[in-house]
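Reading the structure
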Amino acid sequence: KVLWENLLEIDRMDIQEKIRRIDELRSRLLQGGGPEAIDRQHKAGKLTARERVEKLLDPGTFFELELFCKPIETRMDIDKETMRGDGLVSGYGEVNGRPVCVWAQDATVVGGRFGIIHGAKMVTLMERALKTRVPCVGMIDSEGIRAEDFITTPTDYSYDRMMYLQTMASGVIPQIILVMGPCIGAATLSALLADFVFMVRNTSYAFVSYPSPSGNLYEIGGADIHARNSGCCDVLAEGDEDCLKKARELLSLLPLNNKSKAPVINAGDDPERKVPELLDLVPVNSKKPFNMHKAISLIVDNGEFFEIKKGWATNLIAGFGRLGGQTVGILANNPLSKAGCMDVDSADKMARFVRFCD
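All values reported here derive from a predicted model rather than from experimental measurement.

Here we come to helix 12 (residues 292-299). Burial in helix 12 covers these residues: M292, A295, I296 and L298. In an axial view of helix 12, the angular spread of the buried residues amounts to 160°, which keeps them on one side of the axis. Where helix 12 is buried, its residues meet helix 11 (277-281), strand 11 (316-323) and strand 12 (326-333). The opening residue of helix 12 is N291, an N-cap whose side-chain oxygen sits 3.0 Å from the backbone nitrogen of H293.

See below:
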């Protein structure tokens, strides 16, 4: 009996010691690449991956997956740099009380570069989002693919698998990509398969092929270029916090999936109210332009309108608002740009928006 009690006591001590070590490891992993790397990230005007996830989700709702997973050993020098978690924060939580899956590349760990386990975590989360029919939000901040892993990267854990899942999820669940740093190569192709792409002015850029060393990254693939010239950027943000705030706002307007309805919000705006300003807004002379943005703001609930691709194909306005608390998609010709006439870009803008609403 005494021996048995002693064995139980030793067993309890071992369990407590294991719990203590796990807690220590967890605390260390929550620091990402360490204080110095976090400080460099902040000096660059960017939040860390974990800070971004916490600011996107409702407080206390984040449940992290695969925090302790180990990267694949390559027998190269990079093995000394990589750590558990493999440079990706992934899991699920809630935005405005509704479920959402989220992943964020951690630029403080080997530059957030894509590796085998890194990719496996992204693929696993995307599969979970598709199976449970909830929105998926990804945050890109990566210097590209790890050359050491790229030699042997299996197909199931690389961008081609991710893009396959994105295609399967298209029209089923909302997919949002937040480009909050470098987005290079295959990551750019994957980002553009999402329903909406957010970019951050001055800190994010995206291109498939690296420009010449003398080229300015932001002039070639910066957020302003994609928001104004290429149309690849749906929402342009002024900083990380603004980007995350706008992502929360967009999620609040969308349904969880194609079988559910968008939440109806009582905004306190009487749908029967009169809007006398509309009587004088549209000129009698059809050759005179007027501000269609103002017309939309007068009609939607509380004047709140979430515009998509605001800086591209400006002769057409597209975005979301609420009427009587219910989300609606809004399209409008803009008389202030090209007299509101349609062209190739505005036709593409309209078609993509209508397909999403459908």
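What follows is about the side chain of R98. Along the chain, R98 turns up in strand 3 (residues 98-105). Nearest to the buried, unbridged R98 among oppositely charged side chains is D58, at 8.7 Å.

Before going further, it helps to spend a moment on the sheet that holds strand 11. Read from one edge to the other, the open sheet built from 3 strands follows the order 10-11-12, with strand pairing classed as antiparallel. Either end of the sheet is taken by a strand with one partner, and the two such strands are strand 10 (306-308) and strand 12. Strand after strand, the sheet turns through a mean of 25° between neighbouring axes, direction not considered. Where strand 10 lies against strand 11, 3 bridges are found, and the strand directions are antiparallel. Opposite E307, over in strand 11, you have G319 as the bridge partner. Helix 10 (residues 240-253) rests against strand 10, strand 11 and strand 12 of the sheet, and its axis sits at about 65° to strand 11. The sheet contacts of helix 13 (residues 344-357) involve strand 10, strand 11 and strand 12, and relative to strand 11 the element is tilted by about 25°.

Once that is clear, we can look at the side chain of E307. One can find E307 in strand 10. An unpaired buried charge is present at E307: no salt bridge exists, and K310, the closest side chain of opposite charge, is 4.8 Å distant. At a separation of 2.9 Å, a polar atom in the side chain of E307 contacts the side chain of H293. Apart from the residues lying within four places of it in its own chain, the contact partners of E307 are D234, V235, H293, I317, A318 and G319.

Moving on to the pattern of salt bridges. With the rule as written, the count across this model stands at 14 salt bridges. Among the salt bridges present, the one from R50 reaches E64, with a minimum N-O distance of 2.6 Å. Of this pair, R50 sits in helix 3 (residues 49-56) while E64 sits in strand 1 (residues 63-64), and the two are 14 residues apart along the sequence. For R50, a relative accessible area of 15% gives the class buried.

Let us look at the sheet that holds strand 5 (residues 175-179). A sheet is described by the order of its strands in space; here 7 strands give the open sequence 1-2-3-4-5-7-9, paired in mixed fashion. Each edge of the sheet is formed by a strand with only one pairing partner; in this case those strands are strand 1 and strand 9 (235-237).

Look at K338: it is not a glycine, yet its phi comes out positive at around 55°. One can find K338 in the loop between strand 12 and helix 13. A relative accessible area of 56% places K338 in the exposed class. A positive phi angle, close to 60°, is found at A339, a residue other than glycine. By the element assignment, A339 lies in the loop between strand 12 and helix 13. Note on A339: relative accessible area 60%, which makes it exposed.

Parameters and conventions
Residues numbered from 1 in each chain as written. Predicted model: local features only at pLDDT ≥ 70, side-chain atom pairs only at ≥ 80, totals over all residues. Heavy atoms only, no water. Buried < 20%, exposed > 50% of the residue type's maximum accessible area, 1.4 Å probe, protein only. Helix = DSSP H or I, 4+ residues; strand = E, 2+ residues; numbered from the N terminus. Arc of directions from axis to C-beta. Contact = heavy atoms within 4.5 Å. Polar contact = N/O pair within 3.5 Å; in protein donor to acceptor, adjacent residues only side chain to side chain. Lys, Arg positive; Asp, Glu negative; His and termini not counted. Salt bridge = Lys/Arg side-chain N within 4 Å of Asp/Glu carboxyl O. Pairing = 2+ DSSP bridges. Axes fitted to C-alpha atoms, helices over the stretch in contact; angles between N-to-C directions.

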